[in-house]
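Remarks on the overall topology
One letter stands for each residue in the lines below.
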Amino acid sequence: VQLQASGGGLVQAGGSLRLSCAATGSIFSAYTMAWYRQGLGKQRELVADITPGGTINYDDSVKGRFTISRDNAKNLVFLQMNSLKDEDTGVYYCNAAITRPPYGTRTYWGQGTQVTVSS
């Protein structure tokens, strides 16, 4: 799976951005898709993920502000980010994961897109 993230940029606090991730090379609908982020000097952390069946999980810090969605027909996953805060600043990475017993879980990463929130 190849992943291409886009949509990052500079936005004022309280503003919105929409990230997109395009996937190629495999059966997109079989993958759990996720967005991670990494702030400067911080570890990479899970922001949100969405399973093939549509079950969604959010980090507590973004609940009520961010929305993850996927379009299996177009091999796309989105992250709508509203009410952005300074602490949302970081590089956002698209991730795809699939578990195939007995081979285990394989994960793939996109190249990251920078989100900068200014106050």
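My aim in this report is to walk through the structure given alongside it, one point at a time.

The rules we used
- Residues numbered from 1 in each chain as written.
- Predicted model: local features only at pLDDT ≥ 70, side-chain atom pairs only at ≥ 80, totals over all residues.
- Heavy atoms only, no water.
- Phe/Tyr/Trp six-rings, centres within 6.5 Å; stacked < 30°, edge-to-face > 60°.
- Helix = DSSP H or I, 4+ residues; strand = E, 2+ residues; numbered from the N terminus.
- Pairing = 2+ DSSP bridges.
- Axes fitted to C-alpha atoms, helices over the stretch in contact; angles between N-to-C directions.
- Disulfide = S-S within 2.5 Å.
- Core = buried A, V, L, I, M, F, W, Y, C linked by side-chain atoms within 4.5 Å.
- Buried < 20%, exposed > 50% of the residue type's maximum accessible area, 1.4 Å probe, protein only.
- Contact = heavy atoms within 4.5 Å.

1. With respect to the packing of aromatic side chains
According to the stated counting rule, one finds three aromatic pairs in the structure shown. With centroids separated by 6.1 Å and ring planes inclined at 65 degrees, the aromatic side chains of Tyr-31 and Tyr-108 adopt a geometry described as edge-to-face. Of this pair, Tyr-31 sits in the loop between strand 3 (17-24) and strand 4 (32-38) while Tyr-108 sits in strand 10 (residues 104-109); the two residues are 77 residues apart in sequence, bridging distant segments of the chain. Centroid distance Tyr-36 to Trp-109: 4.9 Å. Interplanar angle 65 degrees. Geometry classified as edge-to-face. A residue pair is termed long-range when its members are at least 10 positions apart, and Tyr-36 in strand 4 and Trp-109 in strand 10 qualify at 73 residues.

2. Focus on the sheet that holds strand 7 (residues 66-71)
The strand order across the open sheet formed by four strands is 1-3-8-7, and the pairing between neighbours is antiparallel. Looking along the sheet, the strands with just one partner apiece sit at the ends: strand 1 (2-6) and strand 7. For this sheet, the mean inter-axis angle between neighbouring strands, taken without regard to orientation, is 15 degrees. Two strands pair when backbone bridges link them, and strand 3 and strand 8 (residues 76-81) are joined in this way by six bridges, in the antiparallel orientation. Residue Ala-22 lies in a different strand from strand 8, and its bridge partner there is Leu-76.

3. Considering the state of the cysteines
Summed over the entire model, instances satisfying the criterion amount to one disulfide. What pairs with Cys-21 in a disulfide is Cys-94, and their sulfur atoms sit 2.1 Å apart. What sets the handedness of the Cys-21 and Cys-94 disulfide is the S-S torsion sign, and at about -85 degrees it is left-handed. Within this pair, whereas Cys-21 is found in strand 3, its partner Cys-94 is found in strand 9 (residues 90-100), the two being separated by 73 residues in sequence.

4. Some points on the nonpolar core
Residues Met-33, Trp-35, Val-77, Leu-79, Met-81 and Tyr-92 are the most contacted members of the largest nonpolar core, which totals 29 residues. Of all the secondary-structure elements, those providing two or more residues to this core are strand 1, strand 3, strand 4, strand 5 (45-50), strand 7, strand 8, strand 9 and strand 11 (113-118). Contacts of Tyr-92, omitting those with residues within four sequence positions, involve Leu-19, Trp-35, Tyr-36, Arg-37, Val-47, Phe-66, Leu-79, Met-81, Gly-112, Thr-113 and Val-115.

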